[in-house]
Amino acid sequence: MIDLQLLQNIMEEVRENKDLLDSFSPNQFKSKLKLINHIKDLNILNKDSEIVIFGSWYGSILIPAFYNDVKQITAIDKDPKVISKAKYKIFKDYNVDFISKDVFDWAPNSSRIKKTDLIINTSCEHMRSMKELKLDTKSYFAYQSNNMLSIEGHINCVYDLDDFKKQLPDNAKVMIEDEIKDERGTRFLLIGKYEKSNI
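The structure contained in this document is the topic of the report that follows. (Residues numbered from 1 in each chain as written. Predicted model: local features only at pLDDT ≥ 70, side-chain atom pairs only at ≥ 80, totals over all residues. Heavy atoms only, no water.)

## Notes on the overall build of the chain
Tallying secondary structure elements over the chain gives eight helices and seven strands in all. Scaling as 2.2 N^0.38, a compact globule of 199 residues should have a C-alpha radius of gyration of about 16 Å, and the chain matches this with 16 Å. Taken along its principal axes, the extent of the C-alpha atoms in the chain is 45 × 40 × 30 Å. Within the chain, the proportion of its 199 residues that are buried is 53%. Counting contacts in the chain only where the partners sit at least 6 residues apart, residues at least 24 apart contribute 61% of the total. Total accessible area computed for the chain in this model is approximately 10,300 Å², and 48% of it derives from carbon and sulfur atoms. Counting 30 positive and 31 negative side-chain charges, the chain places the centres of these two groups 3 Å from one another. (Helix = DSSP H or I, 4+ residues; strand = E, 2+ residues; numbered from the N terminus. Rg over C-alpha atoms; globule rule 2.2 N^0.38 Å. Buried < 20%, exposed > 50% of the residue type's maximum accessible area, 1.4 Å probe, protein only. Contact = heavy atoms within 4.5 Å. Areas by Shrake-Rupley, 256 points an atom, 1.4 Å probe, with all protein chains shown as cover. Lys, Arg positive; Asp, Glu negative; His and termini not counted. Charge placed at Lys NZ, Arg CZ, Asp CG, Glu CD.)

As structure tokens, then:
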């Protein structure tokens, strides 16, 4: 069922915010729907589950996709303007915890990471390798990166799935891998589970 209030919130904001419009682009939908469908096929979430989204941007597609299926969603992005728009304009009627911090500063010391069931990061190309992020967790993960080196802000692209796997911590076991092509390049998707804490 369509959340008409959310749709209204989006339409009011998107008229003056082209960045938000980009978060709903066909390419964004295509890549995120692949992730969403794989996660739902795995059947790893329930009403008591918690999700943490790294580099969440506005949370445009992922938050509505999982919101009614889980207990808690935490969305983290280092851009305070994006987090403010998401919290007070777009998802103002949703019980989502929005945090404006650098993932690498917040996650290693967060008690929430230890109890989360799923970590999502569809922005791996925008930050340092997940291998460098020491996490006290045994959660599932769903990570995306791409080979689109020419796009501004892409500081950590990968060339293929094997290259992307090298950026995973040693204790991360891959269960699903996939590729999503668009006119600019290829997005790479890895879904799996942390077998033990890497602290």
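## Observations regarding unusual backbone geometry
The residue Asn43 is not glycine, and still its phi comes out positive at about 55°. Along the chain, the position of Asn43 falls in the loop between α3 (26–42) and β1 (50–54). For Asn43, a relative accessible area of 64% gives the class exposed.

## Comments concerning helix α1 (residues 4–14)
When we look at burial in α1, the residues that qualify are Leu6, Asn9, Ile10, Glu13 and Val14. When α1 is viewed along its axis, its buried side chains cluster within an angular range of 120° and face the same direction. Here α1 starts with a cap whose side-chain oxygen sits 3.1 Å from the backbone nitrogen of Gln5, and that cap is Asp3. (Arc of directions from axis to C-beta. Polar contact = N/O pair within 3.5 Å; in protein donor to acceptor, adjacent residues only side chain to side chain.)

## A closer look at the packing of aromatic side chains
The tally for this structure, following the rule as stated, stands at seven aromatic pairs. Ring geometry for Trp57 versus Tyr58: centroids 6.0 Å apart, planes at 35°, classification tilted. For Trp57, a relative accessible area of 23% puts it in the partly exposed group. Taking the relative accessible area as the measure of exposure, Tyr58 reaches 4% and is therefore buried. Centroid distance Phe91 to Tyr94: 5.2 Å. Interplanar angle 70°. Geometry classified as edge-to-face. A single burial state applies to Phe91 and to Tyr94, both of which are buried. An aromatic cluster is present here, built from Tyr67, Phe91, Tyr94 and Phe98 joined pairwise through their rings. Lying over the aromatic face of Phe104, Arg128 brings its terminal NZ or CZ to 4.1 Å of the ring centre. Directly above the aromatic system of Tyr140 lies the positively charged group of Lys193, at a separation of 5.2 Å from the ring centroid. (Phe/Tyr/Trp six-rings, centres within 6.5 Å; stacked < 30°, edge-to-face > 60°. Lys NZ or Arg CZ within 6 Å of the ring centre and 35° of its normal.)

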